[in-house]
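Each chain is listed here by its residues.
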Amino acid sequence: MNYSETVGEIESEIQRSWERENIDYVDLDSTETDKCYVLGMFPYPSGNAHMGHILVYSIADAVARLARFKGRSVLNPIGWDAFGMPAENAAIKNKVHPSQWTRINIDNMRGPQIGRAGFSFDLTKELDTSSPEFYKWSQWLFLKLREHGQVYRANSWVNWDPIDQTVLANEQVIDGKGWRSGVPIERRQMEQWSFRITSFAEALWNGLDELPGWSERAIATQRNWIGRSEGCEIEFPVVGETGLAVTVFTTRPDTVYGVTSITLAPEHDFTLKLVTADAKAKVANYVQAAILKTEIDRQADAEKSGVPTGRYALNPLTGEQIPIFVSDYVLVNYGTGAIMNVPAHDQRDFEFAIKQSLDIRTVIQPMIGEAKSDEAFVSDGVMVASAEFNGLPSVEARIKIAEHIENLKVGKRVVRFRLRDWSVSRQRFWGAPIPMLLRQDGTWEPVPVSQLPVILPPNVDFDVAAGKSPLALDESFLRATSPTDGTPCTRETDTMDTFMCSAWYAWRFLDPLNADEPFRQSRATRWMPIDYYVGGLEHANQHLIYFRYISHFLHSIGYTPTKEPVTRFLDNGMIQKNGFKMSKSRGNVVRPDDMMTKYGADALRMYVMSDTPYTRDREWDDSGLAAKHRFLASVWSFYTNVDSSSQLSIERVQPSATDAWSIKLLAELYTLAADTENNIEERQSFHVVVAGIHSFMNVLRAAVPEANDIQRVRVLSFVMQNFLKVIALFCPHLADHLWRNVFIANNCLFIEGWVPVDNDLVLNATSVATVPVQIDGKRRHELSVGKEISDEQLRAMIDGGIPQIDRFVDGRRIARFVVVRTPERGVKLVNIVTDARQP
Ligand code: ANZ
């Protein structure tokens with residue numbers, strides 16, 4: 001038999017055995033052993049798995065399988081993040097219900113796309129976020145959040161796609177255009193349901209301090225997203241308007257003597273209120289143009305445009321009059337929506353001042369040398385032109401001036417977060433309906449939990465021409481009665497952002513069939529937090545914020561015992577081809593199913609884990625995969641050719657080693673196993689483990705010709721059996737196949753324990769000594785032992801039976817047993833004296 005020709009058969013046959021033997025099932029209520037929750041971020045069922053999926057689940061699987069070998073109770077589930085626009089768009093195009101499209105794709109991915117790779121998913125825990133059994137509890141969560149004051153409805157500025165007739169997230173607007181429709185998006189104010197995630201901003205920020213198992217870059221992106229800033233709010237009274245002041249937010253109160261203007265965001269309440277009659281037309285035009293741009297574009301604009309309002313404000317510390325401008329680089333929903341301009345020390349303000357011919361007034365000088373004149377000096381330094389604060393280091397002045405501002409009652413110290421509340425309304429069909437009812441008096445009422453789920457209608461008409469979600473056109477969905485007084489109501493027709501599903505799915509895996517609760521708390525207590533969470537950071541940052549928010553929320557209402565949901569987050573790099581992320585439009589996609597058909601799942605899995613740390617991007621290379629395939633073929637033929645008929649192949653005992661060769665071979669195995677544990681559990685250096693597998697094959701090959709007596713063959717067989725467990729972390733099919741067939745096992749390799757590492761042997765093997773054994777005055781044998789071996793261990797070895805020694809002791813009692821040692825060489829001689837009189 002030839003591996004290359006039969007790999008497909010080998011792999012599918014072994015998968016059938018796993019299914020028959022139900023080996024991936026985990027009993028979530030058993031508390032006999034430690035738990036280990038491993039989770040690869042669940043996929044969007046688009047129908048085609050990509051290499052990223054294979055990498056994510058290969059990482060998770062290696063971790064899961066090792067934990068399992070080590071006797072832990074392991075949950076490694078899979079589900080489908082099934083709601084969202086692509087399913088809906090496909091439905092519109094092909095005139096099928098999105099649920100049908102989704103179902104087909106899930107089957108495809110569960111089967112040939114991802115299932116084919118043989119990950120140890122417990123499919124009894126599978127979930128689909130678009131099933132009523134799941135989204136009922138997304139709706140429940142919405143109501144729970146509402147019950148605890150986390151949900152509100154407000155007018156907010158949104159990105160509106162006039163073709164797709166929906167709100168888009170900032171990420172879905174590319175160069176000012178809708179990612180799907182390609183038409184310029186509009187900024188609109190709309191009534192939206194939002195979650196008060198900002199009330200957890202401080203907690204989410206502080207929680208990051210307690211996550212040593214997250215990479216620095218993952219922590220940094222979270223911090224960047226939350227954006228905690230310590231600063232001051234300062235009031236600048238408007239000239240000629242008693243009682244009216246523009247409040248600005250600044251992180252640099254030390255620069256307040258350098259302020260030469262004030263700038264409002266176009267949408268700021270004061271903008272059109274303050275503007276003078278002369279400036280009105282110009283400002284109104286400017287505002288109109290600005291609100292049509294997206295926030296991202298406004299920030300990116302190189303030109304710092306703006307227009308004067310014709311009005312002035314007073315610097316509260318100097319009493320100086322300064323002009324008030326409007327500019328679109330000031331964002332309405334950050335800080336107070338108004339800033340003080342310090343051109344000398346802020347680069348954007350510098351560019352703005354040049355354009356508007358405003359004063360540039362230096363108030364901080366470098367400690368040594370001169371600042372450049374063609375850009376802002378943004379670092380800290382020494383205070384100048386700042387009254388009584390002159391000469392102070394700016395860091396110190398920051399505190400002193402803030403205190404001064406508070407004493408004068410013209411401002412206060414504040415902490416601001418860049419994080420925004422989470423707007424969750426989507427004007428779309430394929431999502432969880434928001435369980436709210438609009439009463440005739442215009443107030444909102446929740447659907448009672450007992451009436452959940454609010455079901456998505458099965459027969460819908462995607463009348464695109466109407467430009468509305470099918471829900472808004474479906475009378476039977478729309479019409480409802482108030483659960484409190486029976487009056488007619490209309491249902492909310494917006495559905496929830498799909499990030500809501502992924503924000504709590506990890507708990508549902510613990511209880512996917514529960515019809516009475518989202519999940520049993522006892523199970524959350526046992527299983528959360530997730531021990532290893534695997535996924536690409538590129539898409540995951542936003543998800544992780546929402547996931548952590550829901551986790552903190554559930555904890556805050558006493559529903560779950562832990563705040564943070566993830567102990568270790570493994571953010572993997574991307575697999576690229578020709579230097580770019582694989583994508584259909586680039587035509588550089590390598591399909592996992594094609595590769596598995598050609599080379600087998602094991603080779604693909606091993607390949608994506610090799611050579612580079614998993615955190616880095618890797619360049620796809622067919623020849624690398626082919627090489628892995630050849631390597632596995634050589635492992636296969638090595639194992640199938642080595643003495644498989646021998647009786648020893650079915651022995652499972654851990655041999656004790658009496659000769660240097662055996663000690664060395666065993667020590668190599670134990671070292672590999674211990675390194676593997678360390679590299680996977682602590683360092684996640686999977687590629688180092690793969691390299692270790694390669695070099696261990698050389699060790700095995702070199703050992704075979706010297707396995708020339710029964711004891712050595714016993715050792716070799718034991719080493720080969722146990723090496724399979726290391727291989728199995730990446731290549732489970734091959735390993736289990738060889739285990740069952742070469743070593744005539746009638747059980748699955750994965751129910752075996754991990755390599756029984758003997759640390760003493762490893763220690764001793766690092767310094768093996770050849771020690772003469774003297775029996776009744778004559779030198780009879782040599783032992784290979786570790787230099788540090790104890791008298792007791794030596795005695796036990798000899799009592800355990802060594803034919804060359806037993807022959808001379810000849811059944812007599814050992815009267816004296818002396819071990820001679822030297823400090824440099826350790827054991828030097830073993831001297832045995834037998835008692836001749838006592839047989
Ligand atoms: C004056 C100043 C002087 C500033 C200076 C910086 C340097 P972070 O750190 O990101 O929180 N800012 C405040 N609100 C803004 C808004 N709505 N839109 C755009 N910019 C805004 O940024 C805080 C700084 O960003 C604030 O401190 C303010 O500029 C600006 F030498 O005030 B600063």
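Preceding this section is the structure that the text describes.
If you're wondering where the values come from, they're calculated on a predicted model, not measured in any experiment.

Engineer: What's the story with the overall build of the protein in this structure? I'm lost.
Structural biologist: Along its length, the protein carries 28 helices and 34 strands. Projecting the C-alpha coordinates of the protein onto the three principal axes gives extents of approximately 125 × 75 × 50 Å. When burial is assessed residue by residue, the protein has 55% of its 839 residues classed as buried. Sequence separation of at least 24 residues holds for 72% of the intrachain contacts in the protein that already meet a minimum separation of 6.

Engineer: What is the right way to read the pairing of strand β21 (residues 436-439) from this model?
Structural biologist: Each regular strand shows side chains that alternate between the opposite faces of the sheet. By the bridge criterion, 3 bridges tie β21 to strand β22 (residues 444-446) in an arrangement that is antiparallel. Looking at β22, one finds that Met436 is bridged to Pro446. With antiparallel pairing between neighbouring strands as the criterion, β21 and β22 make up a hairpin whose turn holds 4 residues, including Gly442 at a positive phi of roughly 85 degrees.

Engineer: Hey, could you run me through the packing of helix α23 (residues 686-703) against helix α24 (residues 710-728) in this one?
Structural biologist: For any two helices packed against each other, one specifies the crossing angle of their axes together with the interaxial distance. Put simply, α23 and α24 touch, their axes get as near as 11 Å, and they point 165 degrees apart. Judged by the angle between their axes, α23 and α24 are roughly antiparallel. Here α23 and α24 pass one another in a crossing that is left-handed. Each of Val689, Ile693, Phe696, Met697, Leu700 and Ala703 in α23 lies in contact with α24, whose residues at this interface are Leu716, Val719, Met720, Phe723, Val726 and Ile727. Across the contact of α23 with α24, the residue classes tally to 12 nonpolar, no polar and no charged.

Engineer: Honestly, the sheet that holds strand β23 (residues 479-481) in this entry has me stumped. Any pointers?
Structural biologist: In a beta sheet, neighbouring strands are held together by backbone hydrogen bonds and run either parallel or antiparallel to one another. The strand order across the open sheet formed by 4 strands is β22-β21-β24-β23, and the pairing between neighbours is antiparallel. Since the sheet does not close on itself, it has two edges, and those belong to β22 and β23, each with one partner. Strand-to-strand twist in this sheet, taken as the mean axis angle between neighbours without regard to direction, amounts to 45 degrees.

Engineer: Sorry if this is basic, but what is going on with the site of the ligand here?
Structural biologist: Around the ligand sit 17 residues in total, of which Ser229, Thr250, Leu331, Tyr334 and His345 are the nearest. Measuring from an oxygen atom of the ligand, one finds a backbone N or O atom of Thr251 at 3.1 Å. Separating a nitrogen atom of the ligand from a backbone N or O atom of Leu331 is a distance of 2.8 Å. The fraction of the free accessible surface of the ligand (650 Å²) that becomes covered by protein chains is 88%. Considering only residue class, the shell around the ligand consists of 8 nonpolar, 5 polar and 4 charged.

Engineer: Looking at this model, I keep getting lost on the environment of Thr198. Mind explaining?
Structural biologist: Position of Thr198 among the secondary structure elements: in the loop between β9 (186-195) and α6 (201-207). Along the sequence, Thr198 and Asp421 sit 223 residues apart, while their C-alpha atoms lie 5.5 Å from each other. Each residue touching Thr198, except ones within four places of it in the same chain, is listed here: Leu419, Arg420 and Asp421.

Engineer: Just to check I follow, could you spell out the sheet that holds strand β19 (residues 422-423) for this structure?
Structural biologist: Read from one edge to the other, the open sheet built from 4 strands follows the order β6-β5-β9-β19, with strand pairing classed as antiparallel. Only two strands of the sheet have a single partner each, and these edge strands are β6 (166-168) and β19. Alignment of β9 against β19, held across 2 bridges, turns out to be antiparallel. Note on β19: the bridge partner recorded for Phe195 is Trp422.

Engineer: Quick question: what am I supposed to make of the nonpolar core here?
Structural biologist: What tends to happen in soluble globular proteins is that the nonpolar side chains get buried as a cluster. Residues Trp620, Tyr639, Phe686, Leu700, Phe723 and Phe730 are the most contacted members of the largest nonpolar core, which totals 108 residues. Not counting residues within four places of it along the chain, the set of residues in contact with Phe730 comprises Ala62, Asp602, Arg605, Met606, Met609, Ile680, Phe686, Val689, Val690 and Ile693.

Engineer: Can you help me understand the pattern of salt bridges in this one?
Structural biologist: Once the charged atoms of two side chains with opposite charge are near each other, the side chains can pair. Per the stated rule, a full pass over the model turns up 53 salt bridges. A salt bridge links Arg439 to Asp485; its shortest N-O distance comes to 2.6 Å. Residue Arg439 is located in strand β21, and its partner Asp485 is located in the loop between β23 and β24 (488-491); the two are separated by 46 residues in the primary sequence. Residue Asp485 is classed as partly exposed on the basis of its relative accessible area, which comes to 41%. Between Asp791 and Arg821 there is a salt bridge; the shortest N-O distance is 2.7 Å. Here Asp791, found in helix α27 (residues 791-799), pairs with Arg821, found in strand β33 (residues 813-822); they are 30 residues apart in sequence, far enough to count as distant. Linked through salt bridges whose partners overlap, the residues forming this network are Asp29, Asp511, Arg520 and Arg523.

Engineer: How do you make sense of the packing of aromatic side chains when you look at a structure like this?
Structural biologist: To describe a pair of aromatic rings, one takes the distance between the centres and the angle between the planes. Considering all chains together, one arrives at 38 aromatic pairs under this definition. Seen in terms of ring centroids, Phe249 and Tyr334 are 6.0 Å apart; in terms of plane orientation they differ by 85 degrees. Their pairing is edge-to-face. Highlighted residues: Phe249 in strand β11 (residues 245-250) and Tyr334 in the loop between β14 (321-326) and β15 (338-341), separated in sequence by 85 residues. Judged by its relative accessible area of 10%, Phe249 falls in the buried class. Classification of Tyr334 by relative accessible area gives partly exposed; the value is 22%. Measuring from centroid to centroid gives 5.6 Å for Tyr614 and Phe686, while their planes differ by 75 degrees, and the two rings are edge-to-face. Taken together, the residues span a long stretch of sequence, with Tyr614 in the loop between α20 (601-608) and β30 (618-619) and Phe686 in helix α23 at a distance of 72 residues. Since its relative accessible area comes to 2%, Phe686 is described here as buried. Three or more aromatic residues link up through ring pairs in this structure, and these residues are Trp137, Trp140, Trp214, Trp507, Phe519, Tyr533, Phe547, Tyr559 and Phe569.

Procedures and definitions
Residues numbered from 1 in each chain as written. Predicted model: local features only at pLDDT ≥ 70, side-chain atom pairs only at ≥ 80, totals over all residues. Heavy atoms only, no water. Helix = DSSP H or I, 4+ residues; strand = E, 2+ residues; numbered from the N terminus. Buried < 20%, exposed > 50% of the residue type's maximum accessible area, 1.4 Å probe, protein only. Contact = heavy atoms within 4.5 Å. Pairing = 2+ DSSP bridges. Axes fitted to C-alpha atoms, helices over the stretch in contact; angles between N-to-C directions. Parallel < 35°, antiparallel > 145°, perpendicular 65-115°, else oblique. Left-handed = near helix turned anticlockwise from the far one by under 90°. Nonpolar A, V, L, I, M, F, W, Y, C, P; charged D, E, K, R; others polar. Near = heavy atom within 4 Å. Polar contact = N/O pair within 3.5 Å; in protein donor to acceptor, adjacent residues only side chain to side chain. Areas by Shrake-Rupley, 256 points an atom, 1.4 Å probe, with all protein chains shown as cover. Core = buried A, V, L, I, M, F, W, Y, C linked by side-chain atoms within 4.5 Å. Salt bridge = Lys/Arg side-chain N within 4 Å of Asp/Glu carboxyl O. Phe/Tyr/Trp six-rings, centres within 6.5 Å; stacked < 30°, edge-to-face > 60°.

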